[in-house]
Structure formats: structure tokens, C-alpha cells
Amino acid sequence: MKWLYSLTMAVGLACHPALAQSVAPLAAPTATTPQQQRDAYVSDLLKKMTLEEKIGQLRLISVGPDNPKEAIREMIRHGQVGAIFNTVTRQNIRAMQDQVMQLSRLKIPLFFAYDVVHGQRTIFPISLGVASSWDRDAIALSGRIAALEASEDGLNMTWAPMVDITRDPRWGRVSEGFGEDTWLTSEIARILVKAYQGDDPQARHALMTSVKHYALYGAVEGGRDYNTVDMSPQRMFQDYMPPYKAAIDAGSSGVMVSLNSVNGVPATANRWLLQDVLHQQWKFSGITISDHGAIKELIKHGVASDPREASRLALQAGINMSMSDEYFIRYLPELVKSGAVSEQEIELACRKVLNVKYDMGLFQDPYRHLGPAESDPQDTNAESRLHRPEAREVARKSLVLLKNRLQTLPLKRQGTIAVIGPLADSKLDMMGSWSAAGVAAQSVTVYQGMKNVAGPRARILYAKGANVTDHQGIIDFLNQYEAAVAIEKRSPQALLDEALVAARQADVVVAVVGEARGMAHEASSQAKLTLPDSQRKLIAALKATGKPLVLVLMNGRPLSLVSEDQQADALLETWFSGTEGGNAIADVLFGDYNPAGKLPMSFPRSVGQIPIYYNHLPTGRPYSPENPGKYTSHYYDEANGPLYPFGYGLSYTTFSLSDMHLSAPRLKRDGTLTASVRVKNTGQRTGETVVQLYLHDVVASLSRPVKELRGFHKVMLQPGQEKTLTFTISPEDLMFYNAQMQRVAEPGDVDVMIGLDSQRLTTQRFTLL
């Protein structure tokens, strides 16, 4: 991705010549390192600051009803603000930075942050969709363009990437993460931190990251947002902590702290998490930021008796910036006066904030991401500011073909096609959760995309068919803060009748069903994973017409789709695909693009199977579908195993794998060995597939997962073409935390498995010496 980084830097300087001088390195004596220069600068600044100004730097203020611009202006005047979030236009950001430069005593620049999770103005697929691409270049491209657009809006930091491992699709924030697998999520974390931040944090289009939510937020009990986590240290460090560390090792300058408690201690007050692990073990030197209102919540968690205690606990645990609460400014001065908090503790947190601002280059140029005022776009939402071709390409790569009976897909550009469903023409839902500054009116729906791609040769009919849900309580919940879901005033029967008229005229029916984006969001945990009844009735009625039925899913979590899998002739998982989603989906439906996405998370048959994930530990009484026994670990009332497994996804062509070849039967402690396999396109179309490598430590001092992803290759093949793929395995791939919390690779037999998903695998064995 260096080519894109270099290109955007060159374009940025060409468009803003006044910035050319500001991006040059700071002039400094050659006798000192850049870090020594920064430390000296910050130390000198701290000597000039009052206690109140130091505390002010610890405050991250949200622009909104609670903090009108007039109030923020006064806070800025008195040095009571360190950073701002939830403002995303150059004009507003420039005005606030102007206030700092004109009104404040020391003129310490603000930094500006936002939830740029899967795009800023051009919205890419949600994170779960990006993970489905299993495409490192596509993932990096989405992050680089997000950083480019966000920095062009004047932003300096993003609350991303979100790397919480989750194995419970009931959790509403599944849509923000990359799925159930530790290794894959860690790989994506590294890629995105590098893509956002680039090689130079002071560069015009560098966007600092704040990895979240530290820690274990995806493991909340029952999948209920803001809930508790209780977990052994072995599982914590084997399964859940590595992605955070991967992001930090890649250079993430920020960490957003989670809202949940960990083994009884809220993360916001957890010295062990924030001091022992993050700073001492992992050597993190950036800033830690509380989540929204989290310091106040320490009282309701039951670990603080009052606001003063909450403020003290958070600061002394290691929180450097307080997001959107007033406790620090109210209570830290008197805590210092009473001796409960030392000014040195305040200064340590303030130093970290100032360090980050220095690293961003803001002390050299407070307008680094703004440029001269005359360069501001005339139209903030101008079409020319979008990156549609890149969004369409990434979205196509994120789609997962789950079923294709009798080659129902791809569709022919002829005859009549009925596009039906509550999500078929929804611009807002196409964007998905946390769609930053994306404008819904600029997104392409499935209906629009199919008309665009089919052209005049096919007749495309449309009917809504049903509301996304008819449950009034759910509708009221989703529309509580905004008009998130448009509900037809016509009766459900009238909507259904209109859809059936369209379906009966058609040669094939494409039903676009799933979740409204607000159903897969923060605070949107669900106890059920089936489609809403309104949509299930619609699908059943469409099936009864006898017309070929293609289901296009839009959703932010794995769903329970046993009935739908039986009813559909073809089933395409599209997640929430972003600005160009409709065109990308149509490209796949009509065969202009051969789908190659693979699931990053298992789909359960029913909610009763949760948690269900591929890399579970073995049991003493394992269930075998070939030889099922009564006294084995299984459900007797449900088919065992997922409906669709991790790593699964079909293509319009077929692939075969040869037997595996190991380069050696034994692996030395200081060596490597290779596992090779030949993959062949055995079908009639050019296509890509993802060949996956899994390992299993057969006998160890602790039970090890039945398989763990340790590598993948994505390969494009012409019909009949074959290619040898080679994976390198080292002892590092086998390391785990033993009972004494030592990270070890123990000698013994190891099974190597290679396949096209986590279930269909070929196996060989070697011995680690």
C-alpha cells in the first residue's frame, strides 16, 4: 500500500502548496533523538502550565446538545479542553482551532477525533464484511482511503480499529469487529493500523488510531452490551488479548478502554489492565482514553462511592483522557489539594496527551490536516470527494456466497427479475453502523445497482413486500434517537400482495432481507437470531410462487437461517456493503464478479448453540456425526455444528486440493518446515479462493484447540489452472500460555490441516522437537 500512501501525500501537497513547508521535519540539533526533542519540548511546556490547564488537556469533549459551541468556546478560552470529537467538517474544526490560537493563554492545539470505523465519506463494508474478503490489500486500501478522507476533513485520530474477539452473535457490536478468530483479527489489526497511520505520524494524511475496546468487550456475558466478563488468564491471553497487542505492536498511538468489567474490576479502573499489562508488559507509550461516560459509570459498577472516588480511581488506574464527562475538571483539582491525587499523576497523564499532539505535528502546525482556509471544499459532501471505484472493489470482495443450488446464480441479463424486500431499496441501511460522515443519499441500493448493471436487457420490478419488522416495540426502540427505520403505513397484507404481483410476473425473485442497520449496532443486543416474522412470512410467500428464489442478506451479525437455507435456491451474504454496495452486489448477482469471500464467524443453527466457534477445546467425550453416541458432548434436539462454518464460502467455479506435502517430519526449535498443497480450478470460470492453514497441538500440558488458523493464501486461477501454495510453519505458530502463564511451545506431535474452510480439511502430522 506504499504506492497509495505516496500518491495521497503527493496529491495533498500539490493541492495545498502552503503546507509544503509544514510537513518538513522539525529543525533540531543532531545531538538529540526525535524522542529527546519531543520530551524536552513537552517538559518545557509543562513547566508553564497551571494545574487547571494540565487537567484541561485530559478532557475529550463531544460537540452536541450537552456542549453547545458557545460553551466550548469558553472552555477553550480557559484551557479546559484537550481534544474534540463528533465534529467532521473543516470549517468547524478550523473555527475551534482558531479559538485556541486566538483566545487561550498557551495556545496548545486541540486534536480532533471521530469514529472512522469503515470509511469516512466513502463508506466501505462494515468490519465483519471487510474481514470476509480475506484480502490483505483490500483491507489496507479501505483503511488508507478512510485515513485520506478523514484527514482531508481535518481529523487527527480515529476510534479504530475495533478488534474485540467475539463468539456470541447476539452482541450488537459484532458488526464493528472482525469475527471470532484471534489470528485473523490480529492480522487485520496490524494491517489497518499501518494503513491509517502510514509511516510518518506527522504526514498530511496520517490518521492516528485508537484501538478498541481494551479489553475483552466482545466476551460480555449473554452478548449483552456493557455487561461483565469473567475469564481465566490463559483464555484471556490466548484468545482475546493478542489483537490489541498486535495493534499496539504495529504502532497504534491510542487505546480506547472498554466499558465492561474484567473479573470484577471495570476496565476504566483496572490498574492491572492499564498499568501491568499495557504499559509494563507491552511497553505501550501512547494515550489511554476512557469510553463515553465511563468514569461516571464506575459508581454504578459499584467500585466508586461518589464522583471524586470515580475520578481518582480512573486517573490512578491509568486513564489519560476522559471522554465526554465532566468529572475530571470538577473533582481533580480538589483531589490534588487534599493529597488524594498528586500533581505528578496529573502531569504524567498530561504529558502523554501532549506527546501525542507533538507526534501528530500539531505544535509545528496546528492546522496540519486543514490546510489554508481557501482550500476548504465548497461542498463538504461533494461527489468528487468520494472514492467509488475502490469502495465497489472492496465491497465485491466482501460478499460470501452461501448457497447456489443448480447454478441459480449468476443471473442472466434478460427476462423479468423481481427485486423484493424491506432492504432492497434502503440507502440508509446499506451504510451499516458507525458510517462516520457518509451520506445515505450517496449510497447505491440493491435495486438501483441491479438496474445499473442489468441495463436495458432485463426488466427489473420492485416491491417492498414487508417492513423490516412489524414489532412496534422494536420500531420505537430503533427510532428513539433518529428516524432510523422507515415504516410503510400500508398494511402488511397490502405490502405482501404487491410483492406477489411482482413475483408472479418474474422469471426469478431476488429478496433482500435481514436487519436494519440499527439492529446491528451498539446497544442492539438480541436474544433471537432469526429474521423478523414480517420477513419470514414474505420469504415463505415468495417461495410458494414456485419461482427461483435468491436471498440477498443484509445484516451485521451471523443469523440463524435454517429455514431460509432450505427455502432459497441461492443465498448471498452481503453484510452492510457501504456506499457502492448495490453496484457491488449486482456485479456478483449478474456474474461480472465471481464471489470469493469467506466467513470470519460461524453461523449457528439456533441461538441455543451459542457460543459456537471452530477453534474450541476438545472434550473427553467428543461428538462424531459419523458415529454419534448418547454420552457425548452434543445437543440431542438439534443438528450439531454450525449451519455455515468459519472460513466457508462458495464460488461460481469449483476448486480441488491435492494431498499435502510436508518438507520434513520433524521441526527443530530454531527451524521451520513447509506444508505445500496444489490447488486447481476444476470449474468453467476464472475465480479466486482462500486456502487456509490450521494447526492442532495433539498432546500438551493444557488442552489445545481442535484447530487454529495460522495462515492463508488467496489465489486467482483460470479454468483448469493449478498452483502450488506453500505455508511456512515455525515453533512460534505453536506457542501458548501454560498453567504458569509462561508462553511456551511444547514438544510433541502436531496436526497440520489445509482446506477451503475450517471443516473440509486434509491432514498431515509432524513432530516438534
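Residues numbered from 1 in each chain as written. Predicted model: local features only at pLDDT ≥ 70, side-chain atom pairs only at ≥ 80, totals over all residues. Heavy atoms only, no water.

Looking at an unreviewed UniProt entry, the chain carries the name Periplasmic beta-glucosidase, with the source organism given as Affinibrenneria salicis. For the record of the chain, the UniProt heading Subcellular location (unreviewed entry) holds the text "Periplasm". The annotation that UniProt attaches to the chain under Sequence similarities (unreviewed entry) is "Belongs to the glycosyl hydrolase 3 family." (UniProt positions renumbered as here; feature names shortened; annotations may be inferred.)

Draft legend 1. Quick look at the overall build of the chain. In terms of regular secondary structure, the chain is built from 23 helices and 28 strands. Here the C-alpha radius of gyration of the chain, 27 Å, is about what a compact globule of 769 residues would show, namely 27 Å. In terms of its C-alpha atoms, the chain occupies a principal-axis envelope of roughly 75 × 65 × 50 Å. Counting the 769 residues in the chain, one finds 61% classified as buried. Here the contacts in the chain between residues at least 6 apart in sequence split such that 78% fall between residues at least 24 apart. A total accessible area of about 29,300 Å² is found for the chain, and carbon and sulfur atoms account for 50% of it. Across the chain, the mean location of the 80 positive side-chain charges is 2 Å away from that of the 80 negative side-chain charges. (Helix = DSSP H or I, 4+ residues; strand = E, 2+ residues; numbered from the N terminus. Rg over C-alpha atoms; globule rule 2.2 N^0.38 Å. Buried < 20%, exposed > 50% of the residue type's maximum accessible area, 1.4 Å probe, protein only. Contact = heavy atoms within 4.5 Å. Areas by Shrake-Rupley, 256 points an atom, 1.4 Å probe, with all protein chains shown as cover. Lys, Arg positive; Asp, Glu negative; His and termini not counted. Charge placed at Lys NZ, Arg CZ, Asp CG, Glu CD.)

Draft legend 2. Examining the packing of helix α18 (residues 446-454) against helix α23 (residues 581-589) more closely. Packing of α18 against α23 leaves a shortest axis separation of 7 Å and a crossing angle of 55°. By the angle between their directions, the pair α18 and α23 is classed as oblique. Taken as a pair, α18 and α23 cross one another with a handedness that is right-handed. Judged by residue contacts, Val446, Gly449, Met450, Asn452 and Val453 of α18 engage Gly582, Asn583, Ile585, Ala586, Asp587 and Leu589 from α23. Its residues assigned to classes, the contact of α18 with α23 comprises 6 nonpolar, 4 polar and 1 charged. (Axes fitted to C-alpha atoms, helices over the stretch in contact; angles between N-to-C directions. Parallel < 35°, antiparallel > 145°, perpendicular 65-115°, else oblique. Left-handed = near helix turned anticlockwise from the far one by under 90°. Nonpolar A, V, L, I, M, F, W, Y, C, P; charged D, E, K, R; others polar.)

Draft legend 3. Representation of the domain arrangement of the chain in the model. In terms of domain boundaries, the chain breaks down into domain 1 (115-340), domain 2 (391-609) and domain 3 (655-768). Taken over C-alpha atoms, the centre of domain 1 sits 31 Å from the centre of domain 3. Carbon and sulfur atoms make up 63% of the surface buried where domain 1 meets domain 3, a total of about 1,200 Å² over both sides. Its largest share of buried area at the contact with domain 3, domain 1 owes to Trp134, Trp183 and Gln238, together 53% of the area lost on that side. At the junction of domain 1 with domain 3, the criterion picks out 4 residue pairs in polar contact (both at pLDDT 80 or more). Of all the secondary-structure elements, those providing two or more residues to the side of domain 1 that touches domain 3 are α8 (182-197) and α9 (233-240). Looking at the side of domain 1 that touches domain 3 element by element, the count peaks at 4 residues for α9. Partitioning the side of domain 1 that touches domain 3 into residue classes produces 5 nonpolar, 3 polar and 3 charged. (Domains from an automatic or database assignment. Buried area = accessible area lost by both parts, 1.4 Å probe. Polar contact = N/O pair within 3.5 Å; in protein donor to acceptor, adjacent residues only side chain to side chain.)

Draft legend 4. Region of the structure containing the sheet that holds strand β14 (residues 459-463). The 6 strands lie next to each other as β12-β17-β16-β15-β13-β14, forming an open sheet whose pairing is mixed. Of all strands in the sheet, those bounded by a partner on one side alone are β12 (400-404) and β14. Between one strand and the next, the sheet's axes are offset by a mean angle of 20°, whatever the strand orientation. Sheet analysis places strand β13 (residues 416-420) next to β14, joined by 5 bridges and oriented parallel. Residue pairing for β14: Ile420 is matched across the bridge by Ala463. (Pairing = 2+ DSSP bridges.)

Draft legend 5. Focus on the side chain of His213. Within the secondary structure layout, His213 lies in strand β5 (residues 208-214). Here His213 falls in the buried class, since its relative accessible area comes to 0%. Among the polar contacts listed, one links the side chain of His213 to the side chain of Asp164, at a separation of 2.8 Å. Once you skip the residues sitting within four places of it in the chain, His213 turns out to touch Met162, Asp164, Arg173, Glu176, Tyr244, Met256, Ser258 and Asp291.

Draft legend 6. Inspection of the nonpolar core at higher detail. Counting 206 residues, the largest nonpolar core has Tyr214 and Met241 as the members making the most contacts within it. Take this core: its biggest share by element is 9 residues, from α8. (Core = buried A, V, L, I, M, F, W, Y, C linked by side-chain atoms within 4.5 Å.)

Draft legend 7. Just the packing of aromatic side chains, in detail. What the rule picks out here adds up to 18 aromatic pairs. When the ring of Phe237 is compared with that of Trp272, the centres are 6.1 Å apart and the planes differ by 80°; the resulting orientation is edge-to-face. Separated by 35 residues along the polypeptide, Phe237 in helix α9 and Trp272 in helix α11 (residues 271-281) bring together distant segments of the chain. Stacked on the ring of Phe712, the Lys or Arg Arg136 has its end atom at 4.1 Å from the ring centre. (Phe/Tyr/Trp six-rings, centres within 6.5 Å; stacked < 30°, edge-to-face > 60°. Lys NZ or Arg CZ within 6 Å of the ring centre and 35° of its normal.)

Draft legend 8. The arrangement of the pairing of β5 in detail. In terms of residue burial, β5 counts as a mostly covered element, since 7 of its 7 residues are buried. Bridge count between strand β4 (residues 157-158) and β5: 2 bridges; the pairing is parallel. Paired with Thr158 across the two strands is Thr209, which belongs to β5. Taken together, β4, α8 and β5 form a β-α-β motif whose crossover is right-handed. Where β5 meets strand β7 (residues 254-257), 3 bridges bridge the pair, whose relative direction is parallel. Across the sheet, residue Tyr214 finds its bridge partner in β7, namely Val257. (Right-handed = clockwise from strand over helix to strand, strands pointing away.)

Draft legend 9. Spatial organisation of helix α7 (residues 136-152). Look at α7: 24 Å from first C-alpha to last across 17 residues, which is about the 24 Å you get at 1.5 Å a residue. Buried residues dominate α7, accounting for 15 of its 17 residues. Put simply, Asp135 is the residue that caps the front of α7, since its side-chain oxygen is 3.2 Å from the backbone nitrogen of Asp137. Of the residues one or two after α7, Gly154 is the one with positive phi, at around 95°. (Expected span 1.5 Å × (residues − 1).)

Draft legend 10. The packing of helix α16 (residues 388-398) against α23, seen in detail. As a packed pair, α16 and α23 sit with axes 8 Å apart at the nearest point and diverge in direction by 50°. It follows that α16 is oblique to α23 by the angle criterion. You can see that α16 and α23 cross each other, and the crossing is right-handed. Facing α16, whose interface residues are Arg392, Ala395 and Arg396, α23 presents Asn583, Ala584, Asp587 and Val588. By residue class, the composition of the contact of α16 with α23 is 3 nonpolar, 1 polar and 3 charged.

Draft legend 11. Broad picture of helix α12 (residues 294-301). Along α12, the residues that are buried comprise Ala294, Ile295 and Leu298. An end-on view of α12 places all buried positions within 105° of arc, on one side of the element. At the C-terminal side of α12, Gly302 shows a positive phi close to 90°. (Arc of directions from axis to C-beta.)

Draft legend 12. Region of the structure containing the sheet that holds strand β11 (residues 322-323). What the 8 strands build is an open sheet, ordered β10-β7-β5-β4-β3-β2-β1-β11; its pairing is parallel. The sheet is open, and its two borders are formed by β10 (287-289) and β11, each paired with just one other strand. By the bridge criterion, 3 bridges tie strand β2 (residues 83-85) to strand β3 (residues 111-114) in an arrangement that is parallel. In the sheet register, Ala83 faces β3, and the bridge partner there is Phe111. Seen against the sheet, α11 touches β5, β7 and β10 and runs at an angle of roughly 130° to β5.

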